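Next come the chains, spelled out residue by residue.
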Amino acid sequence: MAETIANWFVTTFEGSMAREWIVFIVSLLPILELRGGIIAGFAMGMQWLPTFLIAYIGNLLPIPFILMFIRYIFQILKKTPLHGVVEWCERKAEKKSDSIRKYAYWGIFLFVAVPLPGTGAWMGALISVLLGMNGKKTFPVIMVGVLVAGILVSILSFGLLGNLPI
């Protein structure tokens, strides 16, 4: 799914927006995150290192805000027609939180680092907030998890498919 959405961004905006901005914007978005940004960069023929760095920064940029403000934002949104979206996010986070409860910060790291559908920095940050984990401890764990996920996705995208041009 992330690949399909990332490719839609590429075909829609390539030519009207700089490739670097496409990678950055895709990486900012939930669901797509760093994985989608790297896939988009690969699809546009970008070099590995700039793609990786832009996607990494784009994916991490919203995380401190999620860690600090998501409870407040959810409280506000629950009073609007978007309450269903908030409840869906909370249900999804709760379903994925069992293993994280057991392993705490190691659980967050693994959840973010293993690039599978439904995992990533956004959901890892949301789960950590809902579990009451310390945001100052969680953010560095998420940073390392995103780094590992980025390396894995880069190897799969650029290494196996493109011989890792730097």
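For the structure, check the block above.
Keep in mind the model is a prediction, meaning the values are calculated, not measured.

Q: Give me the overall build of the protein: which residues, what numbers.
A: When helices and strands are counted, the protein shows nine helices and zero strands. Helices and strands appear in the protein in the N-to-C order α-α-α-α-α-α-α-α-α. Compactness check: the protein gives a C-alpha radius of gyration of 16 Å against a globular reference of 15 Å for 166 residues, within 12% of the reference. Overall, the C-alpha framework of the protein stretches about 40 × 35 × 25 Å when taken along its three principal axes. Residue pairs at least 24 apart in sequence account for 71% of intrachain contacts in the protein once pairs closer than 6 positions are excluded. Here the protein has roughly 9,100 Å² of accessible surface; of this, 71% comes from carbon and sulfur atoms.

Q: Tell me about the nonpolar core, and please be specific about residues and values.
A: Membership of the largest hydrophobic core comes to 47 residues, with the highest contact counts inside it found for Ile 63, Ile 142 and Val 146. Every residue in contact with Val 146, bar those within four places of it in the chain, is listed here: Leu 34, Tyr 56, Asn 59, Leu 60, Val 112 and Ala 121.

Q: Give a description of the packing of helix H6 (residues 83-95) against helix H8 (residues 121-130) that names residues and reports values.
A: The packing of two helices is summarised by the inter-axis angle and the distance between the axes. In the contact formed by H6 and H8, the axes pass within 9 Å of each other and the chain directions differ by 85 degrees. One way to sum up the angle between H6 and H8 is to call them roughly perpendicular. Taken together, the residues of H8 that come into contact with H6 (itself represented by Cys 89, Glu 90, Lys 92 and Ala 93) are Met 123, Leu 126, Ile 127 and Leu 130. Residues of the contact of H6 with H8, tallied by class, amount to six nonpolar, no polar and two charged.

Q: Explain the pattern of salt bridges to me, using residue names and the numbers behind them.
A: For the structure on display, the rule yields two salt bridges. In this structure, Glu 94 engages Arg 101 in a salt bridge whose closest nitrogen and oxygen atoms are separated by 2.8 Å. Assessed through its relative accessible area of 40%, Glu 94 is described here as partly exposed.

Thresholds applied
Residues numbered from 1 in each chain as written. Predicted model: local features only at pLDDT ≥ 70, side-chain atom pairs only at ≥ 80, totals over all residues. Heavy atoms only, no water. Helix = DSSP H or I, 4+ residues; strand = E, 2+ residues; numbered from the N terminus. Rg over C-alpha atoms; globule rule 2.2 N^0.38 Å. Contact = heavy atoms within 4.5 Å. Areas by Shrake-Rupley, 256 points an atom, 1.4 Å probe, with all protein chains shown as cover. Core = buried A, V, L, I, M, F, W, Y, C linked by side-chain atoms within 4.5 Å. Buried < 20%, exposed > 50% of the residue type's maximum accessible area, 1.4 Å probe, protein only. Axes fitted to C-alpha atoms, helices over the stretch in contact; angles between N-to-C directions. Parallel < 35°, antiparallel > 145°, perpendicular 65-115°, else oblique. Nonpolar A, V, L, I, M, F, W, Y, C, P; charged D, E, K, R; others polar. Salt bridge = Lys/Arg side-chain N within 4 Å of Asp/Glu carboxyl O.

Keep in mind these values describe shape, not function.
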